[in-house]
Amino acid sequence: MQVSDRFHLWKRRVQDIASAHRGCLPAALSAASESDPAPAEETAGNTAEDTRAARHARRLFEAVQALTSTGRSRSSVARELGLDRRTVGKYARARTWQEVMRRPPRKPSALDPYLDYLQQRWDEGQHSAKILHEELQTKGYPGHYQRVKTAIAPLRRGLPLDEPRERPPSPREAARWITTHPHRRNLHINDRLPRLLGHCPELRVTHDLVAGSPPCSTIATRNLSQAG
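Each chain carries its own residue numbering, running from 1 in the written order of its sequence. A pLDDT threshold of at least 70 governs which residues receive local features in this predicted model, and a stricter bar of 80 or more applies before side-chain atom pairs are shown or counted, although totals over entire chains, interfaces and linings include all residues. To obtain the side-chain values, all non-hydrogen atoms of the structure were included, while hydrogens and water were left out.

**Q** Explanation requested: the overall build of the chain in the structure shown.
**A** Helix numbering and strand numbering both begin at the N terminus, where a helix is a DSSP run of H or I of at least 4 residues and a strand a DSSP run of E of at least 2. A count of helices and strands for the chain gives 13 helices and 0 strands. Taken from the N to the C terminus, the helices and strands of the chain come in the order α-α-α-α-α-α-α-α-α-α-α-α-α. Expressed as a percentage of the 228 residues in the chain, the buried residues total 39%. Across the chain, contacts joining residues at least 24 apart in sequence account for 58% of those joining residues at least 6 apart. Note on areas: these come from Shrake-Rupley sampling with a 1.4 Å probe, and a residue is covered only by the protein chains present in the view. Surface accessibility of the chain: about 13,300 Å² in total, with carbon and sulfur atoms responsible for 52%. Only protein chains enter the area calculation, which uses a 1.4 Å probe; residues under 20% of their type maximum are buried, those over 50% are exposed, and those in between are partly exposed. Contacts are assigned to residue pairs with any non-hydrogen atoms lying within 4.5 Å of each other.

Rendered as structure tokens:
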């Protein structure tokens, strides 16, 4: 009795390779490109378009709009992009990415008065959330260590303290990116996949084998086994 076709066995092998090299997966995030200069038409002044947060919002808006325009549910889009469903709804309802930027101020946090200090200590070389939390406690901060750890997470990626955060793809997502035909990849995949492949030679080899071999090929499956 057949329990799985060759394509799914082949796809499973790609996922196994991605799992074996999961340390590469954070390279798919856009931290490196966040610091790139804005396009020429956006450099005329210090407008919202010039900020990294604005560029981040524009990319997410384009990705959400591209996926929802195909009829996919918001839950499916949220899983694809690693976003909260409410966030996807906000980007899906917006007519332009600028509307997303016009959001009400976030609720005040007990950590807000200490954000400048966190930035200062980070710039001075103190990157331990535990030590930073202890230092803030001596200054009167009443909050939990986990809040400090979460707050400095963007700094580890070279982003501002309040920059929206993405999560790296799972091995399953990376496998889906690699095995999806290039013509069917959305903007989100086309943005992340090249960074991932550029960082991980093993996944690059896997991608090239997938691109150059038919899914049902025994040779392709054998070559993927060697690639892992």
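**Q** How should the packing of helix H11 (residues 187–199) against helix H12 (residues 201–212) be read in this particular structure?
**A** In a packed pair of helices, the relevant descriptors are the angle between the two axes and the axis-to-axis distance. Contact geometry for H11 and H12: axes closest at 5 Å, N-to-C directions at 120°. The orientation of H11 with respect to H12, classified from their angle, is oblique. Here Leu 193, Leu 196, Leu 197, Gly 198 and His 199 of H11 come into contact with H12, specifically with Pro 201, Leu 203, Arg 204 and His 207. Polar here means any residue other than Ala, Val, Leu, Ile, Met, Phe, Trp, Tyr, Cys and Pro, which are nonpolar, and Asp, Glu, Lys and Arg, which are charged; Gly is therefore polar. Of the residues that constitute the contact of H11 with H12, the class distribution is 5 nonpolar, 3 polar and 1 charged. A fitted line through C-alpha atoms serves as each axis, taken over the contacting stretch for helices, and the angle formed by two N-to-C directions is quoted from 0 to 180°. Put simply, angles under 35 degrees are roughly parallel, angles over 145 are roughly antiparallel, angles from 65 to 115 are roughly perpendicular, and the rest are oblique.

**Q** Even after reading the chapter, I still don't get helix H5 (residues 85–93), so can you show me in this structure?
**A** One turn of an α-helix holds 3.6 residues; hence residues three or four places apart share an orientation. Restricting attention to buried positions, one finds in H5 the residues Val 88, Gly 89 and Tyr 91. Taken around the axis of H5, the buried residues stretch over an arc of 170°, which confines them to a single face. Residues of H5 that are exposed and point over 90 degrees away from its buried face: Arg 86 and Arg 93. The term polar contact refers here to a pair of N or O atoms within 3.5 Å; inside protein, the definition further demands a hydrogen-donor-capable atom paired with an acceptor-capable atom, and it admits residues adjacent in sequence only when both atoms are side-chain atoms. Backbone nitrogen of Arg 86 and a side-chain oxygen of the N-cap are separated by 2.8 Å at the start of H5; the cap is Asp 84. Regarding the arc, it is the one traced by the directions from the helix axis to the C-beta atoms.

**Q** Mind showing me how you'd approach the nonpolar core here?
**A** Within soluble globular proteins, side chains that are nonpolar generally end up buried alongside one another. For this analysis, a nonpolar core means a set of buried residues of the types Ala, Val, Leu, Ile, Met, Phe, Trp, Tyr and Cys, connected via side-chain atoms within 4.5 Å. Judged by nonpolar contacts, the single largest core of 18 residues is most densely connected at Trp 177, Ile 178, Leu 193, Leu 196 and Leu 203. Of all elements in the fold, only helix H1 (6–20), helix H10 (171–179), H11 and H12 reach the threshold of two or more residues within this core. In this structure Trp 177 touches Ala 28, Glu 80, Pro 169, Arg 185, His 188, Ile 189, Arg 192, Leu 193 and Leu 196, once residues within four positions along its chain are discounted.

**Q** Mind showing me how you'd approach the pattern of salt bridges here?
**A** A pairing counts as a salt bridge when a side-chain nitrogen of Lys or Arg comes within 4 Å of a carboxyl oxygen of Asp or Glu. A full pass over the atoms with the stated rule returns 8 salt bridges. Linking Asp 84 and Arg 86 is a salt bridge whose minimum nitrogen-to-oxygen distance equals 3.2 Å. By relative accessible area, which is 39% here, Asp 84 ends up partly exposed. Across the salt bridge formed by Glu 135 and Arg 121, the nearest N and O atoms sit 2.8 Å from each other. Of the two residues, Glu 135 is situated in helix H8 (residues 129–138) and Arg 121 in helix H7 (residues 115–123); the sequence distance between them amounts to 14 residues. According to the relative accessible area criterion, Arg 121 is buried, its value standing at 16%. One network of salt bridges, with partners in common, ties together Arg 72, Glu 80 and Arg 176.

**Q** Is there a simple way to explain H10 in this structure?
**A** Where burial is concerned, most of H10 is hidden: 7 out of the 9 residues are buried. Looking only at H10, the buried set comprises Pro 171, Glu 173, Ala 174, Ala 175, Trp 177, Ile 178 and Thr 179.

**Q** I'm lost on the packing of aromatic side chains in this one. Help?
**A** The way to describe two aromatic rings as a pair is by their centre distance and the angle between their planes. Here a pair means two rings of Phe, Tyr or Trp (six-membered ring of Trp) with centres within 6.5 Å. Their orientation is stacked below 30 degrees between planes, edge-to-face above 60, and tilted elsewhere. Enumeration over the complete set of coordinates arrives at 1 aromatic pair. Considering the side-chain rings of Tyr 114 and Tyr 141, the 5.5 Å spacing of their centres and the 70° angle between planes classify their relative orientation as edge-to-face. Of this pair, Tyr 114 sits in the loop between helix H6 (97–101) and H7 while Tyr 141 is found in the loop between H8 and helix H9 (145–152), placing the two residues 27 residues apart along the sequence. For Tyr 114, a relative accessible area of 15% gives the class buried.

**Q** When you look at the side chain of Ser 76 in this model, what are you seeing that I'm missing?
**A** Here Ser 76 is to be found in helix H4 (residues 74–81). Relative accessible area serves as the criterion here: at 17%, Ser 76 is assigned to the buried category. A polar contact of 2.8 Å, which involves the side chain of Ser 76, links it to the side chain of Arg 72.

**Q** Can you help me understand the layout of surface pockets in this one?
**A** Roughly 450 Å³ of internal volume is contained in the second largest pocket. Buriedness of a pocket was judged along seven lines, with at least five required to meet protein on both sides within 12 Å; pockets are open sets of points on a 1 Å grid over the protein atoms alone, cavities are sets where a 1.4 Å probe fits but cannot get out, and lining residues have an atom within 4 Å of a point. For the second largest pocket, the lining is made up of 22 residues, of which Arg 176, Thr 179, Thr 180, His 181 and Arg 184 are closest to its centre. Residue assignment for the lining of the second largest pocket shows that the elements contributing at least two residues are H1, helix H3 (52–68), H10 and H12. Residue classes in the lining of the second largest pocket are distributed as 9 nonpolar, 7 polar and 6 charged. Grid points are joined across faces, edges and corners, and a volume is the space filled by probe spheres set on the points.

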